[in-house]
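Spelled out from the first residue to the last, the chains are:
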Amino acid sequence: MKTILVTGGTGYIGSHTAVELQAVGYDVIIADNLVNSTASVIDRIERISNGKRPLFIKADLSNETEAAAIFDNNKIDGIINFAAFKAVGESCEKPIEYYRNNLQIAINMFVNMKKHGIKYFVQSSSCTVYGEPDSNPISENTPPKFAVSPYGNTKQMVEDMLQFITQTGEIKAIALRYFNPVGAHPTALIGELPNGIPNNLMPYITQTAAGIRKQLTIFGNNYPTPDGTCIRDYIHVVDLAKAHVVAMDRFFEHKNKANFEAFNIGTGNGFSVLDIIKSFEKTTGIKLNYCFGERRAGDVVRIWADTTFAEKELGWKAELSIDEMTLSAWHWQQQLAQE
Ligand code: UD1
């Protein structure tokens, strides 16, 4: 039985990944400082997992002592690193905090991996490393562009560190470059819990439909796209979680072809903001109150993934449709309202 440390495991993507890891027999240790999540998520993971409960350790992983204690007290076979600050706008206001937190967490993981002989590391990365693509779909060998935010830069920097750290052969790493994760677990027991006013589209839609927000503003309707709104590759969080399990399996089955590999994790399909709203209205039967506003600074016009490499090498492919994404997001929002 292999034990995986899931950092940031009470968060949105981490919690779904913990469920999928346990479903195929991994033991899971979750370490999280709960700045952006709650400990009750552990109970929910246990419910979804038919009574199998991850070990939970409350810790600030950017603190050397707290991070080291986890490794001194537990046998760990691999790490999936989700723990990070992740708000793009906030990262521009607090760049130093973002660099310190996101890079220090990664470094503390690497130091302890070396100390304890832990070989396998999966990094939560982002399509933001590509910037505005010259053409779509975008493949993994497209060189990253200058980051548009400190948040995006920390994702690039951790990938850069891994490029070099893995060259000694002691550590093998996979970076998963997510496109736009949305949706929630089909049980509606776990999902995205944005702090305050959501920055991202899907929680803003569901909160508007629930009456928490008055109106969704679509940021720009004069982009050079078929309907004038930006295009993204939205991916169901359950599909995304499964990609992490496949990446971890790849290490234990010795299938990795290089010490550092990066994979696009998307569906390969681009949908506009209006496409998402149409899907939401169709699946839920709710008419969404929205208007058009100014473009948001830093938005790329269009980006979607070339998924050929992930399909061929990982044997992983997204399965859930855009309608399953919008409907599950709504079910999660409804469940939240009952709490
Ligand atoms: C954003 C981040 C990205 C990060 C990802 C994590 C930026 C520039 N990028 O991606 O680095 O990895 O979140 O989830 O912030 N939209 C509206 N109205 C809203 C909210 C969004 O029209 O109230 C539009 C946006 O303009 C965009 C699309 O919806 O076209 C998706 O936006 P969002 O969910 O914020 O994701 P990204 O910006 O793609």
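A brief structural summary. (Residues numbered from 1 in each chain as written. Predicted model: local features only at pLDDT ≥ 70, side-chain atom pairs only at ≥ 80, totals over all residues. Heavy atoms only, no water.)

1. What to know about the packing of helix α1 (residues 12-23) against helix α2 (residues 40-48)
Line of reasoning, step 1. Their axes nearest at 10 Å, the elements α1 and α2 cross at an angle of 35 degrees. The crossing of α1 and α2 is right-handed. Contacts between α1 and α2 involve S15, A18, V19 and Q22 on the former and, on the latter, V41, I45 and I48.
Line of reasoning, step 2. Along the lines of polarity and charge, the residues of the contact of α1 with α2 split into 5 nonpolar, 2 polar and no charged. (Axes fitted to C-alpha atoms, helices over the stretch in contact; angles between N-to-C directions. Helix = DSSP H or I, 4+ residues; strand = E, 2+ residues; numbered from the N terminus. Left-handed = near helix turned anticlockwise from the far one by under 90°. Contact = heavy atoms within 4.5 Å. Nonpolar A, V, L, I, M, F, W, Y, C, P; charged D, E, K, R; others polar.)

2. Details of the site of the ligand
Line of reasoning, step 1. The immediate surroundings of the ligand are formed by 20 residues, with L201, T217, R232, R296 and D299 found nearest.
Line of reasoning, step 2. Contact between the ligand and N199: an oxygen atom at 3.5 Å from a main-chain N or O atom of the residue.
Line of reasoning, step 3. In this structure, an oxygen atom belonging to the ligand sits 2.7 Å away from a side-chain N or O atom of R296.
Line of reasoning, step 4. When the ligand is considered free in solution it has 740 Å² of accessible area, and contact with the protein chains removes 87% of it.
Line of reasoning, step 5. At the level of elements, α7 (201-209) and β8 (216-219) are the ones that each hand at least two residues to the shell around the ligand. (Near = heavy atom within 4 Å. Polar contact = N/O pair within 3.5 Å; in protein donor to acceptor, adjacent residues only side chain to side chain. Areas by Shrake-Rupley, 256 points an atom, 1.4 Å probe, with all protein chains shown as cover.)

3. Here we look at the packing of aromatic side chains
Line of reasoning, step 1. This model, assessed by the stated rule, comprises 8 aromatic pairs.
Line of reasoning, step 2. Measuring from centroid to centroid gives 5.7 Å for F280 and W330, while their planes differ by 85 degrees, and the two rings are edge-to-face. Here F280, found in helix α9 (residues 273-284), pairs with W330, found in helix α11 (residues 322-337); they are 50 residues apart in sequence, far enough to count as distant.
Line of reasoning, step 3. Members of the aromatic cluster, connected to one another through ring pairs, are Y26, Y120, F251 and F252.
Line of reasoning, step 4. The ring of Y223 has R295 lying over it, and the distance from NZ or CZ to the ring centre is 4.0 Å. (Phe/Tyr/Trp six-rings, centres within 6.5 Å; stacked < 30°, edge-to-face > 60°. Lys NZ or Arg CZ within 6 Å of the ring centre and 35° of its normal.)

4. A word on the sheet that holds strand β5 (residues 120-126)
Line of reasoning, step 1. Pairing is parallel in the open sheet, where 7 strands are placed in the order β3-β2-β1-β4-β5-β6-β11. Strands with a single pairing partner mark the edges of an open sheet, and in this sheet they are β3 (55-58) and β11 (260-265). Adjacent strand axes in the sheet meet at a mean angle of 20 degrees, parallel and antiparallel pairs treated alike.
Line of reasoning, step 2. Helix α5 (residues 95-116) contacts β1 (3-7), β4 (78-81) and β5 of the sheet and is inclined by roughly 175 degrees relative to β4. (Pairing = 2+ DSSP bridges.)

5. Overview of the pattern of salt bridges
It is possible for side chains of opposite charge to pair when their charged atoms get near one another.
Line of reasoning, step 1. What the rule picks out here adds up to 19 salt bridges.
Line of reasoning, step 2. The residue E90 makes a salt bridge to K94 at a minimum N-O spacing of 3.9 Å.
Line of reasoning, step 3. K317 serves as the salt-bridge partner of E311, at 4.0 Å between the closest nitrogen and oxygen. (Salt bridge = Lys/Arg side-chain N within 4 Å of Asp/Glu carboxyl O.)

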